[in-house]
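# Results of the structural survey
Chain residues, written in single-letter form:
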Amino acid sequence: MKKIKRMACLLPLFGGILGGCAAASGPPGDEPFSADDAIAKVIRQEQRIHFPETEGKIEGIIHGGGPDPGMRVPGTFASAAKKRSGAVYVVMLTETWNAKDFRPEGAPAEGNLSYSWEYEVSPAGVRLVSEGGDFPPDHVE
């Protein structure tokens, strides 16, 4: 009789745990769209392969134009996302380089220069909202 009472007490506990796990996972393919999902979507769709696919910053080489093989400028690539509403994010990609390594006419000779792209991103698509900054090495033809 004691075993039956113990099992009767534990059964609702196990049912609650299992039910909670099932509810937390949701149906397959129904995962929420996150800031990192938005960043990764931009990187893949816009082919900005030098940027991190999650929020953060990495060092790398900005590949510019010019005679083959083209210029190579050391720089940093930063990815960030801010939730606008629901599953819509604003994703900002920024490349930064030292003016001593590359600077267009009229730019300061010292310090960092940068260029940014801003996108509106949802599960349905990516839209370029704006871009600008200092003339970047990768715009050189």
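As a reminder, the structure under discussion sits directly above these lines.
Anyway, here's the lowdown on the structure attached to this text. (Residues numbered from 1 in each chain as written. Predicted model: local features only at pLDDT ≥ 70, side-chain atom pairs only at ≥ 80, totals over all residues. Heavy atoms only, no water.)

Looking only at helices and strands, the protein has two helices and five strands in total. Start at the N end of the protein and walk to the C end: the helices and strands fall as α-α-β-β-β-β-β. Looking at the protein as a whole, 28% of its 141 residues are labelled buried. For the protein, the proportion of contacts with a sequence separation of at least 24, taken over those separated by at least 6, is 43%. Total accessible area on the protein is roughly 9300 Å²; 57% of this is exposed by carbon and sulfur atoms. (Helix = DSSP H or I, 4+ residues; strand = E, 2+ residues; numbered from the N terminus. Buried < 20%, exposed > 50% of the residue type's maximum accessible area, 1.4 Å probe, protein only. Contact = heavy atoms within 4.5 Å. Areas by Shrake-Rupley, 256 points an atom, 1.4 Å probe, with all protein chains shown as cover.)

Before going further, it helps to examine the nonpolar core. Counting 24 residues, the largest nonpolar core has Val42, Val91, Leu93, Trp97, Tyr119 and Val121 as the members making the most contacts within it. Among the secondary structure elements, those contributing two or more residues to this core are α2 (35–46), β2 (72–85), β3 (88–98) and β4 (112–122). (Core = buried A, V, L, I, M, F, W, Y, C linked by side-chain atoms within 4.5 Å.)

Moving on to the side chain of Glu118. Relative to the assigned elements, Glu118 resides in strand β4. Leave out the neighbours within four places in its chain, and Glu118 touches Val90, Val91, Met92, Arg127, Leu128, Val129 and Ser130.

Here the focus is the pattern of salt bridges. All chains considered together, the criterion is met by three salt bridges. Glu53 is the salt-bridge partner of Arg44, the closest N and O atoms lying 3.0 Å from each other. Given a relative accessible area of 56%, Arg44 falls into the exposed group. One salt bridge connects Arg84 with Glu120, and the closest N-O pair in it is separated by 2.5 Å. (Salt bridge = Lys/Arg side-chain N within 4 Å of Asp/Glu carboxyl O.)

Moving on: the environment of Phe51. Mapped onto the elements of the fold, Phe51 is located in the loop between α2 and β1 (56–63). With twelve residues separating them along the chain, Phe51 and Ile39 place their C-alpha atoms 9.2 Å apart. Dropping the residues within four chain positions of it, Phe51 is found in contact with Ile43, Ile58, Phe77, Ala78, Ser79, Leu93, Thr94, Glu95 and Trp117.

Here the focus is the packing of aromatic side chains. All told, the structure shown has five aromatic pairs when counted by the stated rule. For the pair Trp97 and Phe102, a centre-to-centre distance of 6.4 Å together with 55 degrees between the ring planes defines the contact as tilted. With respect to class, Trp97 is no different from Phe102; both count as buried. Considering the side-chain rings of Tyr115 and Trp117, the 4.9 Å spacing of their centres and the 70 degrees angle between planes classify their relative orientation as edge-to-face. Among the residues examined, Trp117 registers a relative accessible area of 2% and is labelled buried. Grouping aromatic residues by their ring pairs yields a cluster made of Phe51, Phe77, Tyr115 and Trp117. In this structure, Arg48 is placed above the aromatic ring of Trp117, and the distance from its NZ or CZ to the ring centre is 4.0 Å. (Phe/Tyr/Trp six-rings, centres within 6.5 Å; stacked < 30°, edge-to-face > 60°. Lys NZ or Arg CZ within 6 Å of the ring centre and 35° of its normal.)

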